[in-house]
Amino acid sequence: MRLNSTLAQGRYHYSCDGREMPVQDSWQLGDDEQGRRSLISRRLVGEQGFGIEVFASLDGGLVSECEVYWRDEVDEVSAHYKLIHEDGKRPALGDDIEVCWTGPNGPQHLNLEGEQRLLFPLMRVFMGPVLSRLVQHERGLEVVSPDIVDPSQRGKLLSPRVSHRTAKPMVGDVSGQKAQELGADICAYIYQGDEAERDAHCYVDSRSLLVGYDWPSSTGRLWQVRLRDLEWSSSLGGLF
């Protein structure tokens, strides 16, 4: 997928216990060749640039379709996720999700019933809209993401992984102090993700952009992500 125009772009800076980490996480937002609002995001690690790349179409505040690519020292694999909805209707939470990926025995296909399931293509730039949805549901939602937990299991790599996630507004002095450090009109959330990212603190601005993300690892280290080098068109209201 290519963008005919770029309306916004930025990158995320990663650190662990204050030490900069060799992660390249960049994104671009614009319109594709078919006039659809689209987002391209890449998270690459190391000099060889191994990692994940996502090309997503956005509609109705949701990711309506995405292509996901994973490249490492073994090979490159891909997957396609799409919300299934009636012609003429906009995508909605609860639409079935069609998934195609490369399994151990060749191409695999699966239709997941919607049931209030949210499609989340893993990348940081999609976190803002995901959090906005989660806080509307006190008990959380089931989130469907490409599986990258153990890339050595090639049959599962990029296959659909369903997990339960929640988010709630953060309150207190820490919330206010961090929000002031990160800019104006910042909302702070406590996010419960998968095993690797529990009790994360997330900071989102009025455009639904994730501007900050802090989470303690299982070994007690503090990981932090910050939005940098943001360019934003004055004609653009929000991310979705």
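You'll find the structure just up there.
Residues numbered from 1 in each chain as written. Predicted model: local features only at pLDDT ≥ 70, side-chain atom pairs only at ≥ 80, totals over all residues. Heavy atoms only, no water.

(A) Representation of the overall build of the chain within the structure. Within the chain, the secondary structure is distributed over two helices and 16 strands. The C-alpha atoms of the chain give 17 Å as radius of gyration, which agrees with the globular expectation for 240 residues (18 Å, within 12%). Along the longest, intermediate and shortest principal axes, the C-alpha atoms of the chain span 50 × 40 × 40 Å. Counting all 240 residues of the chain, 45% fall into the buried class. When contacts within the chain are restricted to residue pairs at least 6 apart in sequence, those whose partners lie at least 24 apart make up 45%. By element, 44% of the accessible surface of the chain is carried by carbon and sulfur atoms, the whole surface being about 12,300 Å². Side-chain charges in the chain split into 26 positive and 37 negative, and the spacing between the mean points of these groups amounts to 3 Å. (Helix = DSSP H or I, 4+ residues; strand = E, 2+ residues; numbered from the N terminus. Rg over C-alpha atoms; globule rule 2.2 N^0.38 Å. Buried < 20%, exposed > 50% of the residue type's maximum accessible area, 1.4 Å probe, protein only. Contact = heavy atoms within 4.5 Å. Areas by Shrake-Rupley, 256 points an atom, 1.4 Å probe, with all protein chains shown as cover. Lys, Arg positive; Asp, Glu negative; His and termini not counted. Charge placed at Lys NZ, Arg CZ, Asp CG, Glu CD.)

(B) Inspection of the pattern of salt bridges at higher detail. If you walk through the whole model with that rule in mind, you get 13 salt bridges. Of the charged contacts in the structure, one is a salt bridge between K89 and E86, with a shortest N-O distance of 3.8 Å. Neither residue differs from the other here; K89 and E86 are each classed as exposed. (Salt bridge = Lys/Arg side-chain N within 4 Å of Asp/Glu carboxyl O.)

(C) Molecular detail of the environment of I84. If you trace the backbone, I84 turns up in strand β7 (residues 76-84). For the pair I84 and L29, spaced 55 residues apart in sequence, the C-alpha to C-alpha distance is 23 Å.

(D) Looking closely at unusual backbone geometry. A positive phi angle, close to 60°, is found at Q116, a residue other than glycine. Considering the arrangement of structural elements, one finds Q116 in the loop between β9 (106-112) and β10 (117-119). For Q116, a relative accessible area of 36% puts it in the partly exposed group. Positive phi, close to 50°, is recorded for D229, a residue that is not glycine.

(E) Local environment of the nonpolar core. In this structure, W27, V125, F126, L131, Y191 and Y213 are the most contacted members of the largest nonpolar core, which totals 61 residues. A total of five residues in this core trace back to one element, the largest contributor, which is strand β6 (residues 62-71). Setting aside chain neighbours within four positions, we find F126 in contact with L39, V54, A56, L58, V63, F120, P121 and F240. (Core = buried A, V, L, I, M, F, W, Y, C linked by side-chain atoms within 4.5 Å.)

(F) Inspection of empty space enclosed by the protein at higher detail. The tally for this structure, following the rule as stated, stands at two cavities of 30 Å³ or more. By volume, the largest cavity amounts to about 70 Å³. Taken together, the elements giving at least two residues each to the lining of the largest cavity come down to β6, β10 and α1 (127-134). It is α1 that contributes the most residues to the lining of the largest cavity, three residues altogether. (1 Å grid on protein atoms, 1.4 Å probe; cavity = no way out; pocket = protein on both sides within 12 Å on 5 of 7 lines; lining within 4 Å. Points joined across faces, edges and corners; volume = space filled by probe spheres on them.)

(G) Fine view of the packing of aromatic side chains. Enumeration according to the criterion identifies three aromatic pairs in this entry. Between the aromatic rings of Y213 and W215, the centroid separation amounts to 5.1 Å while the plane-to-plane angle is 65°, which identifies the pairing as edge-to-face. Owing to a relative accessible area of 0%, Y213 belongs among the buried residues under this scheme. Its relative accessible area of 8% is what places W215 among the buried residues. The interplanar angle of 15° and the centroid separation of 5.8 Å between the aromatic rings of W215 and W223 together place this pair among those described as stacked. Relative accessible area serves as the criterion here: at 22%, W223 is assigned to the partly exposed category. Taking NZ or CZ as reference, R207 lies 4.8 Å from the ring centre of W232, over its face. (Phe/Tyr/Trp six-rings, centres within 6.5 Å; stacked < 30°, edge-to-face > 60°. Lys NZ or Arg CZ within 6 Å of the ring centre and 35° of its normal.)

So, to be careful, I would describe these as geometric facts and stop short of saying anything about function.
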